[in-house]
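Spelled out from the first residue to the last, the chains are:
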Amino acid sequence: VGVVTQPDKPVGRHQEKLQPSPIKKYAETVGLQVLQPSKMKDAEFIEKLRGLKADLQVVVAFRMLPEIVWSMPRFGTFNIHAALLPQYRGAAPINWAVINGETETGVTSFFLDKNIDTGRIIKQKNFIIPEDVDVEYVMDVLLTCLKQGEWRALGAFLKKNYPDSYNFIRSLEDEKNDLHDYID
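Residues numbered from 1 in each chain as written. Predicted model: local features only at pLDDT ≥ 70, side-chain atom pairs only at ≥ 80, totals over all residues. Heavy atoms only, no water.

Draft legend 1. Spotlight on the environment of Y88. On the secondary structure map, Y88 appears in the loop between β6 (77–81) and α4 (93–99). Taking the relative accessible area as the measure of exposure, Y88 reaches 16% and is therefore buried. Taking the C-alpha atoms as reference, Y88 lies 9.6 Å from T105; in sequence the two are 17 residues apart. Within the structure, the side chain of Y88 is placed 2.9 Å from the side chain of N100, a separation counted as a polar contact. (Helix = DSSP H or I, 4+ residues; strand = E, 2+ residues; numbered from the N terminus. Buried < 20%, exposed > 50% of the residue type's maximum accessible area, 1.4 Å probe, protein only. Polar contact = N/O pair within 3.5 Å; in protein donor to acceptor, adjacent residues only side chain to side chain.)

Next up, the structure:
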């Protein structure tokens with residue numbers, strides 16, 4: 001098990017101190033290996049990622065991944081997108097839903113393929129956008145949707161199609177696998 005996140009960023013008046021991402025901070029507290037490539041096609045990064053021997057990758061809020069990265073795991077790469085695909089593919093889907101006055105949005109889990117946000121959909125969870133709400137409100141509701149069930153899509157898919165992988169994930173120690181709490 002490992003985590004890939006952005007490199008530490010310089011902060012402060014003179015940009016002398018490096019600040020890790022919240023993802024890195026969490027991963028380190030639970031003992032996960034952290035990879036921080038500056039370029040997703042970097043040969044050293046690719047070898048380290050390959051060395052994790054992941055059966056499945058889960059990605060959230062990422063830039064376009066090269067095929068060598070998303071096609072590496074034998075079960076594929078699973079993404080969570082803050083929109084009801086195919087609507088609002090790409091960046092800032094929550095912002096665009098609010099700006100365009102949409103009355104409904106949601107969360108989509110799907111497998112990555114060669115195009116942006118076009119892979120095979122696993123599950124969608126919709127929610128009604130009340131009038132006169134802002135982007136922050138919609139984001140909070142979508143995060144709640146994720147906490148209440150979108151991760152379950154991963155567990156249900158694996159249990160049905162790849163029972164060995166499902167059983168492996170279920171057997172991981174709680175402190176090393178936040179997904180464990182969400183897979184039924």
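Draft legend 2. Region of interest: the pairing of β6. Most of β6 sits out of view: five of its five residues are buried. Here strand β5 (residues 57–60) runs beside β6; their pairing, made up of four bridges, is parallel. By the bridge assignment for β6, V58 is matched with F78. Bridging between β6 and strand β7 (residues 104–111) involves four bridges; their strand directions are antiparallel. Paired with I80 across the strands is S109, a residue of β7. (Pairing = 2+ DSSP bridges.)

Draft legend 3. How the structure looks around the side chain of T5. For T5, the location among the structural elements is in the loop between β1 (2–4) and β2 (9–11). Residue classification places T5 among the buried residues on the basis of a relative accessible area of 12%. Only 2.9 Å separates the side chain of T5 from the side chain of S21, close enough to count as a polar contact. Dropping the residues within four chain positions of it, T5 is found in contact with S21, I23, K24, V34, L35, Q36 and P37. (Contact = heavy atoms within 4.5 Å.)

Draft legend 4. Molecular detail of the environment of I68. Take I68: it is sitting in helix α3 (residues 67–70). Expressed as a C-alpha distance, the spacing of I68 and R50, which sit 18 residues apart in the sequence, is 9.8 Å.

Draft legend 5. A look at the sheet that holds β6. Ordered in space as β5-β6-β7-β8, the four strands form an open sheet in which the pairing is mixed. Edge positions in the open sheet fall to β5 and β8 (121–128), since each of these has one partner strand only. The sheet shows a mean angle of 15° between the axes of neighbouring strands, taken without regard to direction. (Axes fitted to C-alpha atoms, helices over the stretch in contact; angles between N-to-C directions.)

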